[in-house]
Each structure stands twice: as structure tokens, then as C-alpha cells.
Amino acid sequence: MKALRALLAAVLCCLLPVGCGEAQAFPEDSTMARIRERGVLTVGIKFDQPMFGYKDPASGRITGFDAEMARLVAKDLTGSERNVRFVETVSRERENFLSQGVVDVVIATYSITQKRANRVTFTDPYYYTGQDLLVRAGDSTIENVGDLEGKTVCTAIGSTSADRLRSMIPRAEIEIVDAYSVCVPALVAERVDAISTDDTILLGLLAQHPATLRLVGKPFGREPYGMGVRKDDTVFRDYLNGLIARWLRDGQWDRAYMATIGVSGVTSDSSRPPTPEQDGT
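Predicted model only: the values in this text are computed from it and were never measured.

What counts and how
- Residues numbered from 1 in each chain as written.
- Predicted model: local features only at pLDDT ≥ 70, side-chain atom pairs only at ≥ 80, totals over all residues.
- Heavy atoms only, no water.
- Pairing = 2+ DSSP bridges.
- Helix = DSSP H or I, 4+ residues; strand = E, 2+ residues; numbered from the N terminus.
- Salt bridge = Lys/Arg side-chain N within 4 Å of Asp/Glu carboxyl O.
- Buried < 20%, exposed > 50% of the residue type's maximum accessible area, 1.4 Å probe, protein only.
- Axes fitted to C-alpha atoms, helices over the stretch in contact; angles between N-to-C directions.
- Parallel < 35°, antiparallel > 145°, perpendicular 65-115°, else oblique.
- Left-handed = near helix turned anticlockwise from the far one by under 90°.
- Contact = heavy atoms within 4.5 Å.
- Nonpolar A, V, L, I, M, F, W, Y, C, P; charged D, E, K, R; others polar.

Draft legend 1. Seen up close, the sheet that holds strand S4 (residues 62-63). With respect to topology, three strands assemble into an open sheet ordered S2-S3-S4, the strand pairing being antiparallel. The open sheet has two free edges, formed respectively by strand S2 (48-49) and S4, since each of these has just one partner strand. Relative to strand S3 (residues 53-55), S2 runs antiparallel, the two being bridged by two bridges. Bridging across to S3, Asp48 finds its partner in Tyr54.

Draft legend 2. Region of interest: the pattern of salt bridges. Going through the model one piece at a time under the given rule, you end up with 13 salt bridges. The closest approach of N and O atoms between Arg38 and Asp104, which form a salt bridge, is 2.8 Å. Here the residue Arg38 occupies a position in helix H2 (residues 31-38), and Asp104 occupies one in the loop between helix H4 (94-99) and strand S6 (105-106), the gap between them amounting to 66 residues. The class for Arg38 is partly exposed, based on a relative accessible area of 44%. For Asp104, a relative accessible area of 6% puts it in the buried group.

Draft legend 3. Region of the structure containing the packing of helix H3 (residues 65-78) against helix H9 (residues 234-250). Running from N to C, H3 and H9 cross one another at 110°; their axes reach a closest spacing of 11 Å. Here H3 lies roughly perpendicular to H9, going by the angle between them. Crossing hand, H3 versus H9: right-handed. Touching Met69, Leu72, Val73, Asp76 and Leu77 of H3 are Tyr239, Leu240, Leu243, Arg246 and Trp247, all from H9. In the contact of H3 with H9, the residues fall into eight nonpolar, no polar and two charged.

Have a look at this one:
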């Protein structure tokens, strides 16, 4: 069986774009080696966040910046960006899906926090975001986060948004739901007064309801997104860090951004992480 696996790995190496004998060698039994042998990368991602992770109801294709990051990882590991299997992973299940081995990596607007780092291992940031507010287009009573006093705000369970709102606006009523897509009809029907989460996620929701909703446009707080892997899988983490650094240098990060988030007209100035050289590391 071992000899057969070695033969299959050798054949796969010859199919990779770098050519036979030039594929990167991975430590035996590493996550990378297992994914290459399997031939498919399994990624936890959101299905309801336009611009990051969104499942098109007509085609079933997963689109967005996180999806493009996942495809780049799959291409490096297996030779094709098509060799990726997406698993819907809502905020509250991200740590569980990693610890249970449901997915190899979570790329799902995953803000890096110390609390989460106690359960998973994060890569370096591949994206930076700020928290903002989405309100009804005709509501002029909310122009910044301070206006949420006495208002009802919708956000998703397992996100960092609720904690920040509670600390900044203790008198706001926070409604916690399973997914941000649940917040939108509640906002339109005036059951809540605002949705609060990362600004780029809100831009995706706004794109689906441009006539009825508006982005307040005054971000508060800045958070890094990281790719999550199983706790203490530092070998896989270091490999992914190398990919992120390469994409920032060679333009692949910028191309993924312009094809997804950039379509909205938002520039990448505040979202793009520095390269290791720019960061002084």
C-alpha cells in the first residue's frame, strides 16, 4: 500500500504545473501531503456573504474573495484551482469544523482573536476590515455608532461584532442570529434598526438591496482576517503564510481583490496587508 501511495504521489507530481521532479516536497503525514495525496482541498467558507463567500443559487458556484484565496491554495497543492470542495461554515461552527476534521482550513471572514486562537491556529492576516453599520435608506437617525443607543442591532453568533457593540454602546439591544442573511429581511421589515459587522460584508449585502439600504460609512475598529487551521498545526500554518506573502508580492492578491471586492469600487488601501518586507520582518 505504501509503495502504491508513493507511485500515485509521483504521478501527481508530474501533473503539477511545476513539472515532474520540481514539485515542492512536503513532510510525510503533513496536512499538505495528505491533501496532495487526496487531490482535493476541503475549505470551510460562508455561503451567504457576497464578495467573500457566496453560493450562487442558479449555478451553485461559490464566489468571492475568500473563495479565490481557497482556489489559489488548491492550485498550489494539487495543480488545479478546481480541486477544492467548499463546506458551508457559519461563524459559530468554524472552530468545531476544524477540530473535528470536517475541513482542512477555514477561510471565512475569520477575525483573528486571542479567544479563538486558544482553539485554532491562525495564519498571518490576509485581509483587514473595519466594523460598520447597514441601515434603511430612509433612516436618518443613525449616522454613527453612537446613534445606536436604544436601538436594536442585528449581528451573527460567533462573530466579534457583538462584543464590540456591547462595549461601545451598552444600551443598544443586540439581536444575535445564525447568519447575516437573516438580518437583512429583519432590517427591511423594521424589526431591527441596523446590521453591524465588517464593512466589506455589509457592502456585499448592500449590493443586493441598493434601493432600500445604505451603508453608514464610518467604520469603527480594525480587524485582521486569518485562515484557520487545526490547533498547533504550525507546519500547515507556515506553508499558508508563505503562500499569502507570495500572493502579496506577485499580484495574485490584487487580482483576486479586483475580481471580487474591487467590483464595488472600494479600493484595497486599508484592506491589503503589508508584505513581510514592508512590515520589516
